Every structure is written in C-alpha cells, then in structure tokens.
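Residue-level listing of the chains:
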Amino acid sequence: MAYHALDVIGDPQRRRILELLGGHERTVRELTDALPISQPAVSQHLKVLHGAGLVTRRPEGARNVYAVDLDGLGQVRAWVDAFWDGVLDAFVAHADGPRS
C-alpha cells in the first residue's frame with residue numbers, strides 16, 4: 001500500500017522514528033526501546049513509513065534493519081523547497097526595490 005509522505009509525517013511518533021533513524025540504522029527493538037509505544041505500534045509505523053518511501057528495510061538474520069530513505073525524504077524536501085523559492089524571490093524583489 002502506498003502512502004503520501006506528507007500525510008505520514010504528520011504523526012508525531014513517525015516523525016520521532018525518522019529522527020531516531022536519521023543518525024544510523026536501527027532495528028525494531030532499538031526503536032521500541034527508545035519510544036514510549038509498543039513493539040507492534042513501532043512495527044505498524046515502520047510499515048507506513050516504508051509504504052511512503054521514507055524508510056528502507058533490509059533483512060539481517062531474523063530481524064529487519066531500518067534506515068531513512070534519502071530519496072523519499074528528498075521528495076518531501078523538494079516539495080517544501082518549492083515554497084521557499086517564492087519567498088526568496090519576494091525577499092530579493094523587496095531588498096532590490098526602491099529605497100525611501
């Protein structure tokens with residue numbers, strides 16, 4: 001199932017998971033130990049994050065290791081950056097405008 005990345009990161013627990021994964025790969029157990037939610041809840045959040053293309057999953061023995069998917073996160077950043085282009089253009093126009 002595919003999820004829209006911006007909808008997915010609206011959840012505070014999912015944002016926290018992304019923050020935890022930002023430094024390095026982690027297992028579900030490591031994430032569960034760092035969060036105030038149950039292992040099944042962490043697994044469900046990871047499933048949604050993975051479906052949105054925001055995390056990668058690779059098997060390592062009997063467990064899965066998760067990491068931030070920089071390509072997926074880059075798409076979110078590109079969407080946000082599009083707003084900044086307009087803001088920066090307006091700032092430059094204002095700064096270059098007539099001085100009174």
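Structural data are supplied above this passage.
Computed from a predicted model, the values in this text were never measured in an experiment.

Calculation rules
Residues numbered from 1 in each chain as written. Predicted model: local features only at pLDDT ≥ 70, side-chain atom pairs only at ≥ 80, totals over all residues. Heavy atoms only, no water. Core = buried A, V, L, I, M, F, W, Y, C linked by side-chain atoms within 4.5 Å. Buried < 20%, exposed > 50% of the residue type's maximum accessible area, 1.4 Å probe, protein only. Helix = DSSP H or I, 4+ residues; strand = E, 2+ residues; numbered from the N terminus. Contact = heavy atoms within 4.5 Å. Expected span 1.5 Å × (residues − 1). Polar contact = N/O pair within 3.5 Å; in protein donor to acceptor, adjacent residues only side chain to side chain. Axes fitted to C-alpha atoms, helices over the stretch in contact; angles between N-to-C directions. Parallel < 35°, antiparallel > 145°, perpendicular 65-115°, else oblique. Nonpolar A, V, L, I, M, F, W, Y, C, P; charged D, E, K, R; others polar.

Visitor: I'd like a rundown of the nonpolar core, residues and numbers included.
Guide: Counting 20 residues, the largest nonpolar core has Ile-17, Leu-18, Leu-21, Leu-31, Leu-46, Leu-49 and Leu-54 as the members making the most contacts within it. For this core, the elements supplying multiple residues, two or more each, are helix 1 (5–8), helix 2 (12–23), helix 3 (28–34), helix 4 (39–51) and strand 3 (63–68). With residues up to four places along the chain from it excluded, the contact list for Leu-31 reads Ile-17, Leu-20, Leu-21, Arg-26, Val-42 and Leu-46.

Visitor: Describe in detail helix 5 (residues 70–96), supporting the description with residues and values.
Guide: Side chains of residues three or four places apart in an α-helix project in the same direction, reflecting 3.6 residues per turn. Across its 27 residues, helix 5 extends 36 Å between first and last C-alpha, which sits within 8% of the 39 Å expected from 1.5 Å per residue. The N-cap of helix 5, judged by a side-chain oxygen 3.0 Å from the amide nitrogen of Asp-71 a few residues on, is Asp-69.

Visitor: Describe the packing of helix 2 against helix 4, listing the residues and the values that go with them.
Guide: Following both chains from N to C, one finds helix 2 and helix 4 inclined at 80 degrees, their axes separated by 10 Å at the closest point. Considered as vectors, helix 2 and helix 4 are oriented roughly perpendicular to each other. Contacts between helix 2 and helix 4 involve Gln-13, Arg-14, Ile-17, Leu-18 and Leu-21 from the former and Val-42, His-45, Leu-46, Val-48 and Leu-49 from the latter. Within the contact of helix 2 with helix 4, the residues separate by chemical class into seven nonpolar, two polar and one charged.

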